[in-house]
Amino acid sequence: MTAIPQPGAKKLGLVIDLDTCVGCHACAVNCKEWNTSGQSGPLTDFHPYEAKQDGVWLNRIHTYEAGTGTESRTVHFPRSCLHCEEPACVTVCPTGASYKRAEDGIVLVNAEICIGCKLCSWACPYGAREFDEDQGVMRKCTLCVDRIYNENIVEAERVPACVRACPAQARHFGDLGDPDSAVSQLVAERGGIDLMPEMGYKPVNKYLPPRRRPVPAAPARPLEPVPTGGANALLRWIDRALSR
Amino acid sequence: MNPAFSVVFLTTAAGAGYGMLAWLGVLDAVGVLPRSGWFGGSAVATALVLAAAGLLASTLHLGHPERAWRALSQWRTSWLSREGVVSLVTFVPAGGFGLAWALAGGAAPVTVVLGLLAAVCGLATVASQAMIYASLKPIRQWHHQAVLPNFLLLALYSGAICVAALVVWVEPTAERTAGGVALLAGALALAGKLGYWRAIDTAPAAATIESATGLGFLGKVRSLELPHTEENYLLREMGFVIGRRHAHRLRQIAIWLGFAGPMVLLVVGVVADALGGGGEVLLPLAALGALVGIYLERWLFFAEATHTVTLYYGRAA
Ligand code: SF4
Ligand code: SF4
Ligand code: SF4
């Protein structure tokens, strides 16, 4: 059913820290690995080992430069489904293949009934849905629904694959509907934001903006010049060897 | 947006078909079309063939055409589903309309009732088709109040000119009425389209790279590195740029081929018929020009549309 259910208390989602993300693509790779072999697989790749590679990814990592001059920053930016509270991607779906779960707010595609009309991908402002040309169905982030409730894997693994993979702990998973949850606290503390709020989709996932760097009180002191003349030959040799 | 043949053809052909149906219903009700069952039956059949061709073409771009019937289920929320339902429902009164006209003759009470019903259903189909596009917020050129009237007027224009092109073979006086409504609808459709083009050229962007990334507080944002080195589905489907590069010239061609040319041919054809003949060739030519021009206009409607996802790739939306 493509009607949006009454919002439940539970809103599972991700919190992505743009301050600590190092842009390594580990989350995207682990996402691909888990999901291509899991319940929402395959995520087909065309020409995987030659020019014109073309495949489905549920998570993509951009890199931006923000600001100018000394204030400018390089910011790595993972982009995946935000499990919106007003997901037009769901309401436009003519078949009911796209749906939002009442119990935890996860937005999913039922590949068994998707006709591959692509309309949902047009309706998503964030480009979170990718069409699998080979399977003829739409793919999107599942919030790793087949991990987070999976009792066949050890408890530590019951988090999304991308969260598990992140070496910088830039990705956090939890219940954003509960104001006392760790993720909600983090969002409150760091001033987490919605992407493109003007679209009105009310994303559940939040992004933590990069921290402002402290402005140095005084310009850094220039390095002291290294004395060259007086030192003996051994010290000069050590100096040369170390500065190689 | 990528102007896939199937959707461009669907909206052009189905628009003309359902537009024809609307005019056949209305003009027959006011009694200005030939009563001949042969004319009525074949005119309604032509309209339905156009509509059906469009609907069949639209299933071509589906990943799973064999599941197309599932698209009829979500009419409560989805305009695409509503379009599917109404377009099929239309065939019931429309089929009856054609049959009644063929058997009971034009302007007979049963023909009029079924014809008006078919006209309403046909226009409702075109309206739901327009709403599929008009309801998509991420695409500012579609999420626009001019889109619904544009679709309706273009369907009415192409429908009227097709009716005129058929009727000219049967009854010259009826051709004048049909030609007249085609001229009027054409003028309104062209004015609407020019207004739409001006509006989308001057409208502000739907969002910015700053709001898309949330990094605006640091200053201007620019894309430094893309997630992938090759094209992907998003860029192919949502980042189509050829249309925008040639937009100006293509718009001119659409105006001349789809509106100015056919409207001149219409007038010349009707005058030529009054003086002796020639409309049988000129009016169908006008209809053909209008259909090709509207196909181009619809291609541009897709090709010129931009999607907010391209902001993430450092492009305008
Ligand atoms: S991010 Fe896109 S795909 Fe995900 S719920 Fe929101 S609109 Fe739908
Ligand atoms: S592509 Fe599939 S999931 Fe998306 S709108 Fe069409 S039927 Fe629904
Ligand atoms: S939650 Fe799972 S499916 Fe979604 S981006 Fe992370 S790894 Fe991929």
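In case you missed it, the structure is sitting above this.
Residues numbered from 1 in each chain as written. Chains lettered and ligands numbered in written order. Predicted model: local features only at pLDDT ≥ 70, side-chain atom pairs only at ≥ 80, totals over all residues. Heavy atoms only, no water.

Draft legend 1. Focus on unusual backbone geometry. Residues and elements named next belong to chain A. Omega for the peptide link from Gly41 to Pro42 comes to -5°, which places this bond in the cis form. Following the sequence through the fold, Pro42 ends up in the loop between helix H1 (26-36) and strand S2 (45-46). Here the phi dihedral of Cys144 falls at roughly 50°; this positive angle occurs in a residue that is not glycine. Within the secondary structure layout, Cys144 lies in the loop between strand S9 (137-140) and helix H4 (145-148). A positive phi angle, close to 50°, is found at Gln169, a residue other than glycine. The residue Gln169 is located in the loop between helix H5 (161-165) and strand S10 (171-175) in this model. (Helix = DSSP H or I, 4+ residues; strand = E, 2+ residues; numbered from the N terminus.)

Draft legend 2. Examining the site of ligand 1 more closely. Looking at ligand 1, there are 13 residues lining it, with Cys81(A), Leu82(A), Cys84(A), Cys89(A) and Cys124(A) nearest. Across the shell around ligand 1, the residue classes tally to 10 nonpolar, 1 polar and 2 charged. (Near = heavy atom within 4 Å. Nonpolar A, V, L, I, M, F, W, Y, C, P; charged D, E, K, R; others polar.)

Draft legend 3. Structural context of the interface of chain B and chain A. Counting from both sides, the interface comprises 59 residues of chain B and, opposite them, 62 residues of chain A. Taken together, both faces of the contact between chain B and chain A bury some 4,900 Å²; the carbon and sulfur share is 59%. It is Leu218(B), Tyr233(B) and Tyr312(B) in chain B that bury the most area against chain A; as a group they hold 15% of the surface buried on that side. The interface formed by chain B and chain A contains 3 salt bridges. Salt-bridge contacts for Arg236(B) lead to Glu133(A); the nearest nitrogen and oxygen are separated by 3.6 Å. Taken together, the links from chain B to chain A amount to 30 residue pairs in polar contact (both at pLDDT 80 or more). Where the side of chain B that touches chain A is concerned, the elements lending two or more residues are helix H3 (79-104), helix H4 (109-134), helix H7 (209-213), strand S1 (221-225), helix H8 (233-238) and helix H12 (309-312) of chain B. Grouping the constituent residues of the side of chain B that touches chain A by class yields 30 nonpolar, 18 polar and 11 charged. (Contact = heavy atoms within 4.5 Å. Buried area = accessible area lost by both parts, 1.4 Å probe. Salt bridge = Lys/Arg side-chain N within 4 Å of Asp/Glu carboxyl O. Polar contact = N/O pair within 3.5 Å; in protein donor to acceptor, adjacent residues only side chain to side chain.)

Draft legend 4. The arrangement of the side chain of Thr142(A) in detail. For Thr142(A), the location among the structural elements is in the loop between S9 and H4. In contact with Thr142(A), not counting residues within four places along its chain, are Asn35(A), Ser40(A), His83(A), Ile106(A) and Leu108(A).

Draft legend 5. Quick peek at the site of ligand 2. For ligand 2, the full set of nearby residues is Cys93(A), Pro94(A), Thr95(A), Ala97(A), Ser98(A), Cys114(A), Ile115(A), Gly116(A), Cys117(A), Lys118(A), Cys120(A) and Met138(A). Counted by class, the shell around ligand 2 contains 8 nonpolar, 3 polar and 1 charged residues.

Draft legend 6. Fine view of the pairing of S9(A). Residue and element names in this part refer to chain A. As judged from the 4 bridges shared by strand S8 (residues 129-132) and S9, these two strands associate in the antiparallel manner. What sits directly across from Asp132, in S9, is Val137. The antiparallel hairpin formed by S8 and S9 contains 4 residues in its connecting segment, where Gly136 sits at a positive phi of about 70°. (Pairing = 2+ DSSP bridges.)

Draft legend 7. Up close: a nonpolar patch on the surface. All names here are of chain B. On the surface, a nonpolar cluster with roughly 510 Å² of combined accessible area is contributed by Ile253, Leu257, Val281, Leu285, Leu288 and Val292. Taken together, the elements giving at least two residues each to the nonpolar patch come down to helix H10 (247-275) and helix H11 (279-303). Of the residues forming the nonpolar patch, the biggest block, 4 residues, is contributed by H11. Note on placement: Leu288 falls in helix H11. (Patch = residues over 30% accessible without salt bridge, like charges linked within 9 Å, V, L, I, M, F, W, Y side chains within 5 Å. Areas by Shrake-Rupley, 256 points an atom, 1.4 Å probe, with all protein chains shown as cover.)

Draft legend 8. Quick look at the environment of Gly122(B). All names here are of chain B. Of note, Gly122 is situated in helix H4. Residue Gly122 is classed as buried on the basis of its relative accessible area, which comes to 0%. Placed 17 residues apart in sequence, Gly122 and Ile139 show a C-alpha to C-alpha distance of 26 Å. The contact partners of Gly122, leaving out residues within four places of it in the chain, are Tyr18 and Thr90. (Buried < 20%, exposed > 50% of the residue type's maximum accessible area, 1.4 Å probe, protein only.)

This is a description of form; function is not addressed.
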